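Coordinates in review
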Amino acid sequence: MTVPGADAVLVRHGDIGVKSAHVQASMEGDLADRVAAMLDDRGVSGTVDHEWGRLFVRTPAAEVATDTVTDVFGVHTASPARTVPASIDAITETLAEIATVTYDGGTFAVDARRTGDHDFTSHEVGKRGGDAIWQAVESEFDPGVDLDDPDHPFYVEVRDEDAYIFTERRDGPGGFPLGSQAPLVALVSGGIDSPVAAWQAMRRGSPIVPVYLDLGDYGGSDHRARAIATIETLSRFAPAQDVRPRVVHVGEYVDRLVEAISSTRMLSFRRLMYRIAEHVAEAEGAAGVVTGEAVGQKSSQTVRNLAAVDRATELPIHRPLLTWDKQEIIAEARRIGTYEDSTIDAGCHRVAPDKPATRATVAAVEAAEPPEMFEWATKAAENVEVIEVGEPESVVEGAP
Ligand code: ATP
Ligand code: MG
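Every value quoted in this text rests on a predicted model; they were computed, and no experiment measured them.

All right, on to the overall build of the protein then. The secondary structure content of the protein amounts to 13 helices and 16 strands. Its C-alpha atoms give the protein principal-axis dimensions of roughly 80 × 40 × 40 Å. Among the 400 residues that make up the protein, the fraction classed as buried is 54%. Long-range pairs, those at least 24 residues apart, make up 79% of the contacts in the protein between residues at least 6 apart in sequence. For the protein, the computed accessible surface area is about 18000 Å², with 47% contributed by carbon and sulfur atoms.

In the neighbourhood of ligand 1, 19 residues make up the surrounding shell, with Leu187, Ser189, Asp193, Ser194 and Leu213 lying closest. At 2.9 Å from a nitrogen atom of ligand 1 is found a main-chain nitrogen or oxygen belonging to Leu213. One nitrogen or oxygen atom from the side chain of Gln301 is found 3.0 Å from an oxygen atom belonging to ligand 1. In the complex, the protein chains occlude 90% of the 570 Å² of accessible area that ligand 1 would expose alone. When contributions to the shell around ligand 1 are tallied by element, the ones reaching two or more residues are α5 (193–203), β11 (208–214) and α8 (265–284). For the shell around ligand 1, the element with the highest residue contribution is β11, accounting for three residues. Broken down by class, the residue content of the shell around ligand 1 amounts to eight nonpolar, seven polar and four charged.

Running from N to C, α5 and helix α10 (residues 326–336) cross one another at 70 degrees; their axes reach a closest spacing of 9 Å. One finds that α5 runs roughly perpendicular with respect to α10. Considering the relative orientation of α5 and α10, their crossing is left-handed. Residues Asp193, Val196, Trp199 and Gln200 of α5 pack against Lys326, Ile329, Glu332, Ala333, Arg335 and Ile336 of α10. Considered class by class, the residues forming the contact of α5 with α10 number five nonpolar, one polar and four charged.

Turning our eyes to something else, we now look at the coordination of the magnesium ion (ligand 2). In this structure, Asp193 (OD) and Gln297 (OE1) serve as the protein donors to the magnesium ion (ligand 2), at separations of 2.1 to 2.5 Å. Of the two residues, Asp193 is situated in helix α5 and Gln297 in the loop between β13 (289–290) and α9 (303–310); the sequence distance between them amounts to 104 residues. Judged by relative accessible area, which is 27%, Gln297 ranks as partly exposed.

One can read the domain layout of the protein as domain 1 (8–171) and domain 2 (184–394). Computed over C-alpha atoms only, the centres of domain 1 and domain 2 are separated by 42 Å. In this assembly, eight residues from domain 1 lie in contact with eight residues from domain 2. The interface formed by domain 1 and domain 2 includes one salt bridge. In this structure, the salt-bridge partner of Asp15 is Arg204, at a minimum N-O distance of 3.2 Å.

Further remarks concern the packing of aromatic side chains. Enumeration according to the criterion identifies ten aromatic pairs in this entry. Ring centres 6.3 Å apart and planes at 85 degrees place the aromatic pair Phe108 and Phe154 in the edge-to-face group. With Phe108 in strand β5 (residues 107–115) and Phe154 in strand β7 (residues 152–159), this pair connects stretches of sequence that are 46 residues apart. As far as burial versus exposure is concerned, Phe108 and Phe154 are alike and both buried. Taking the centre distance of 5.3 Å and the plane angle of 15 degrees together, the rings of Tyr253 and Trp376 count as stacked. One end of the pair, Tyr253, is in helix α7 (residues 251–260); the other, Trp376, is in helix α13 (residues 373–380), and 123 residues separate them in sequence.

What counts, and where the lines are drawn
- Residues numbered from 1 in each chain as written.
- Chains lettered and ligands numbered in written order.
- Predicted model: local features only at pLDDT ≥ 70, side-chain atom pairs only at ≥ 80, totals over all residues.
- Heavy atoms only, no water.
- Helix = DSSP H or I, 4+ residues; strand = E, 2+ residues; numbered from the N terminus.
- Buried < 20%, exposed > 50% of the residue type's maximum accessible area, 1.4 Å probe, protein only.
- Contact = heavy atoms within 4.5 Å.
- Areas by Shrake-Rupley, 256 points an atom, 1.4 Å probe, with all protein chains shown as cover.
- Near = heavy atom within 4 Å.
- Polar contact = N/O pair within 3.5 Å; in protein donor to acceptor, adjacent residues only side chain to side chain.
- Nonpolar A, V, L, I, M, F, W, Y, C, P; charged D, E, K, R; others polar.
- Axes fitted to C-alpha atoms, helices over the stretch in contact; angles between N-to-C directions.
- Parallel < 35°, antiparallel > 145°, perpendicular 65-115°, else oblique.
- Left-handed = near helix turned anticlockwise from the far one by under 90°.
- Donors = N, O, S within 2.8 Å, 3.2 Å for Na, K, Ca; no water.
- Domains from an automatic or database assignment.
- Salt bridge = Lys/Arg side-chain N within 4 Å of Asp/Glu carboxyl O.
- Phe/Tyr/Trp six-rings, centres within 6.5 Å; stacked < 30°, edge-to-face > 60°.

The structure is reproduced here in structure tokens:
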């Protein structure tokens, strides 16, 4: 429950804190900008300040602001909080007042921290605050104190002239502010895995350039719609960024691969895909490619086959889900909100052969491949269709 009278959100970061002092200071500024952009994007009013190690959102809508802030990459946890002057009387009175509303039996504890000059210690805040809560509730309940694992924690954070009182910490995604790393091309198929992989890359600070390969007869309009829907969901985490889906048409090339190659077909398709991603990355200034591949999930994803396909591009292929089980990926997709879109039945045809190779070599893959395949990649990447999210119309960019 949001603490009664909440007028602020206390925001904590995680990995930013392991950086050197000047990098941390600069990233805290970036995080504040990202938090402000997210509030603005979701229509939540609030102003954002940052001090060493903390961000503060002052807002009349602390509940919804907390939920908004916990979608910002770089945010470790956030708490809706009530601000009071940093005096022991104001703090203890407020704790008692809050307890009369929120406490409904069981154990409690006061967890107090303090930075700045005050005429009281954090130990005194804990002691006097605890007494005040006890007195406020003892006529109705039989309260107990448990400092290690209380049913009702009351947190007090005193910082210079202000004290923040809160009763919960909500988890954010952690990681780093979006934009603190170079962009990556994210190959998004609309399946369950690839949106989760793209999200993980965003979480570490890389904006994504989402690329969907339209497989023509092997894909279909539902397949494409599914991919676009998942990208739209991802874009909710990246306000004020260009996350428009880039669609590359490869239908005729997939037809040719299916005709020409049997057991190593999927591996050549991967090589074609990476090479197209490389072209898009060059055009968009991206430093690598992200996929949803995981070791052993499919025959094309054995460690030998991954080794055989990687050589198609000079760019690094990042595979955040490399070691994840499907169940873990599904749980994460549900948390992020892409699962629903990904499980729309797209009824597409199988490109995979009946007897796929699982221990292919680069030489074997190349030998079976049409020699001009990488020229197809260049050609396909010349016509990138950029979808305007939220609008039915689309524009064609870079048409020759
Ligand atoms: P996903 O892995 O997203 O659930 P999938 O299981 O249907 O989809 P795989 O065959 O496992 O796809 O493909 C491995 C990875 O290759 C995907 O995670 C994605 O990054 C990329 N990929 C596959 N097909 C496409 C496509 N049509 N457009 C863009 N990327 C694709
Ligand atoms: Mg997959």
